[in-house]
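# Structure assessment
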Amino acid sequence: RELCHSSCFKLSRLIIGMAIGVVAALVVLSALAAADHRPRAIASKPGALLGLRGGGGVHDDGVTKPLVVVGSLNVDITIEVERLPKKEETVMASSPCTSVAVGGKGANQAAAAARLATGTGRPAVLVCEFGNDGYAETMRTALQEAGVDVSRCAHSAELPTGQGIVMLTPDGAASSIVVPGANAGWTAERAAALEELVCGASAVLLQREIPEEVNLAVARFACAAGVPVLQDVGGEDRPIDDELLREVAYVCPNETELERLTGMTIGSEAEILAAGRSLQSRGARNVLVTLGGDGSLLLEEGGRVVRQGALPIPGGRVVDATGAGDSFRAAFALALTEGRPHEQCMRFAAAAG
């Protein structure tokens, strides 16, 4: 049904997310101002500063390289509930209306990156598949208003825009069912056409809501060009290929995803580190784990562990835990493109998400 058919359908989560992103950016800028840790466009080579294989934030002609997000776009239809239903149980929504907003991990991360990069001159480019329905233009407009470059996105002639059916509880926890729609319509030819864009990026963000062969093709291009790739493992529940682990610079699970990927029990920090090392034994270099209220932990390629506690939440209430994780990864990537050390990248990410 078209958005205009009901006043209950609104982009409220997008608006809330924009406000949260702005406040979060102000929090981190204030916290880091004394050391001048603010992300900004610089003319140095961040890849060299971080020990990455090549890469950098600025083209040889002085043009700032874009942060590229290759991933999913969904129409998120959110239902607020006091608690999730049990098997064969019906529960009533706590709000008389659903809300409709731009969603999908790819779109979330691109919007967060664009907002956080405001004033730096660094473009945030999203590559996704719009569907053949009335939602497509609404989603395009909302992304452009958030500052996202959607010029490399395509339209599926056969499939509708992907949908995320989200059940949101008062503590901000979101449980979702994703109907892939156009996100499943990627082709090998479409992925191959991204080589020039990916090789000219400052960093690339990937998720697991589009076909895995697309992620692998993009990661190969980026790795060969020395462009760091952050692989968010959220999305479809499926094993991750060892070759993909070898091609990306950062593997980014939360606790549940880390447990699922490794089959190991995750409870203590020692168990988190053991699971992270098991991914490194398969080829992963850096493992960045988000821990909800306990902050985050980065297991570096050389074995060093970087810890970051959670920062105070603007307004004191978690709005959307999934959106927070997407904002965290986008902020980490943005700080990484500026050549910041991991400690600063993680603090900026903690403020954003």
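Residues numbered from 1 in each chain as written. Predicted model: local features only at pLDDT ≥ 70, side-chain atom pairs only at ≥ 80, totals over all residues. Heavy atoms only, no water.

### Some thoughts on the overall build of the chain
A count of helices and strands for the chain gives twelve helices and 14 strands. Across the 353 residues of the chain, 53% fall into the buried class. In the chain, 69% of the contacts between residues at least 6 apart in sequence involve partners at least 24 apart. (Helix = DSSP H or I, 4+ residues; strand = E, 2+ residues; numbered from the N terminus. Buried < 20%, exposed > 50% of the residue type's maximum accessible area, 1.4 Å probe, protein only. Contact = heavy atoms within 4.5 Å.)

### A closer look at the confidence of the model for the chain
Summary statistics for the chain give a mean pLDDT of 85 and a share of 80% for residues scoring 70 or more. Here residues 1-56 scores under 50 on pLDDT; set against residues more than four positions off or in separate chains, the count is 107 contacts. Per-residue pLDDT stays below 50 along residues 58-62; that stretch engages in eleven contacts with residues further than four places along the chain or on separate chains. (pLDDT = per-residue confidence, 0-100.)

### Structural notes on helix H12 (residues 342-352)
An α-helical segment advances 3.6 residues per turn. Residues three or four places apart therefore align on the same side. Most of H12 is tucked away: nine of the eleven residues are buried. All buried positions along H12 are accounted for by His342, Gln344, Cys345, Met346, Phe348, Ala349, Ala350, Ala351 and Ala352.

### Digging into the packing of helix H9 (residues 255-262) against helix H10 (residues 269-281)
The geometry of H9 relative to H10 is characterised by a closest axis approach of 10 Å and an angle of 50° between their N-to-C directions. It follows from the interaxial angle that H9 and H10 lie oblique. The chirality of how H9 crosses H10 is left-handed. Touching Glu255, Leu258 and Thr262 of H9 are Ile272, Ala275, Gly276, Ser278 and Leu279, all from H10. Each residue belonging to the contact of H9 with H10 can be placed in one class, and the counts come to four nonpolar, three polar and one charged. (Axes fitted to C-alpha atoms, helices over the stretch in contact; angles between N-to-C directions. Parallel < 35°, antiparallel > 145°, perpendicular 65-115°, else oblique. Left-handed = near helix turned anticlockwise from the far one by under 90°. Nonpolar A, V, L, I, M, F, W, Y, C, P; charged D, E, K, R; others polar.)

### Remarks on the pairing of strand E9 (residues 203-208)
Consecutive side chains of a regular strand alternate in pointing toward one face of the sheet and then the other. Most of E9 sits inside the fold, with six of its six residues counted as buried. Taking every second residue as pointing to the same face, both faces of E9 are buried, with Ala203, Leu205 and Gln207 on one and Val204, Leu206 and Arg208 on the other. Two elements, strand E1 (residues 67-70) and E9, share four bridges in a ladder whose sense is parallel. Within the sheet, the bridge partner assigned to Val69 lies in E9 and is Leu205. (Pairing = 2+ DSSP bridges.)

### Thoughts on the packing of aromatic side chains
For the coordinates displayed, the defined rule picks out one aromatic pair. Relative to Phe332, the ring of Tyr250 lies with its centre 5.3 Å away and its plane at 70°, an arrangement referred to as edge-to-face. One end of the pair, Tyr250, is in strand E11 (residues 250-252); the other, Phe332, is in helix H11 (residues 321-337), with 82 residues separating them in the sequence. Exposure class is identical for Tyr250 and Phe332. Each is buried. Above the ring of Trp186, the side-chain terminus of Arg190 is found at 4.9 Å from the ring centroid. (Phe/Tyr/Trp six-rings, centres within 6.5 Å; stacked < 30°, edge-to-face > 60°. Lys NZ or Arg CZ within 6 Å of the ring centre and 35° of its normal.)

### A few points about the nonpolar core
Leu126, Leu143, Val148 and Phe332 are the most contacted members of the largest nonpolar core, which has 50 residues in total. At eight residues, H11 tops the list of elements feeding residues into this core. In contact with Leu143, not counting residues within four places along its chain, are Leu73, Val102, Ala107, Leu126, Phe130, Val148 and Val150. Trp186, Ala191, Val218 and Val289 belong to the second-largest nonpolar core, a separate cluster that totals 42 residues. (Core = buried A, V, L, I, M, F, W, Y, C linked by side-chain atoms within 4.5 Å.)

### Quick word on the environment of Val178
Along the chain, the position of Val178 falls in strand E8 (residues 174-179). Residues Val178 and Asp76 lie 102 residues apart in sequence; the distance between their C-alpha atoms is 8.9 Å. For Val178, the residues in contact, after removing those within four places along its chain, are Asn74, Gln163, Gly164 and Glu209.

### Overview of the sheet that holds E1
The strands that make up a sheet pair up through hydrogen bonds in the backbone, lying either parallel or antiparallel. In space, the eight strands of this open sheet follow the order E4-E1-E9-E10-E11-E12-E13-E14, with mixed pairing throughout. Each end of this open sheet is capped by a strand with a single partner; those strands are strand E4 (124-127) and strand E14 (305-308). In this sheet, adjacent strand axes meet at a mean angle of 15° when their direction is disregarded. The sheet contact formed by strand E10 (residues 229-235) and E11 spans three bridges and is parallel. Directly across from Leu230, in E11, lies its bridge partner Tyr250. The strands that helix H3 (residues 105-116) touches are E1, E4, E9 and E10; relative to E4, the one it contacts most, it runs at about 170°. Running at roughly 40° to strand E13 (residues 296-299), H10 makes contact with E11, strand E12 (286-290), E13 and E14 of the sheet.

### Focus: unusual backbone geometry
The backbone of Glu88 shows a phi angle near 65°, a positive value even though the residue is not glycine. Position of Glu88 relative to the elements: it lies in the loop between strand E2 (74-80) and strand E3 (99-103). Residue classification places Glu88 among the exposed residues on the basis of a relative accessible area of 79%.

### Remarks on H3
Along its twelve residues, H3 runs 16 Å from first to last C-alpha, staying within 8% of the 16 Å computed at 1.5 Å per residue. Those residues of H3 that fall on the buried side of the exposure criterion are Lys105, Gly106, Ala107, Gln109, Ala110, Ala111, Ala112, Ala113, Ala114 and Leu116. (Expected span 1.5 Å × (residues − 1).)

### With respect to the pattern of salt bridges
A full pass over the atoms with the stated rule returns 15 salt bridges. Here Glu269 and Arg307 are joined by a salt bridge, their closest N and O atoms 2.5 Å apart. A residue pair is termed long-range when its members are at least 10 positions apart, and Glu269 in helix H10 and Arg307 in strand E14 qualify at 38 residues. Measuring nitrogen to oxygen at the nearest pair gives 2.7 Å for the salt bridge that ties Arg304 to Glu343. Of this pair, Arg304 sits in the loop between E13 and E14 while Glu343 sits in helix H12; the two residues are 39 residues apart in sequence, bridging distant segments of the chain. A residue is classified by how much of its surface remains accessible, and Arg304, at 41% relative accessible area, is partly exposed. For Glu343, a relative accessible area of 36% gives the class partly exposed. Taken together, the shared-partner salt bridges in this structure form one network comprising Lys105, Asp232, Asp326 and Arg329. (Salt bridge = Lys/Arg side-chain N within 4 Å of Asp/Glu carboxyl O.)

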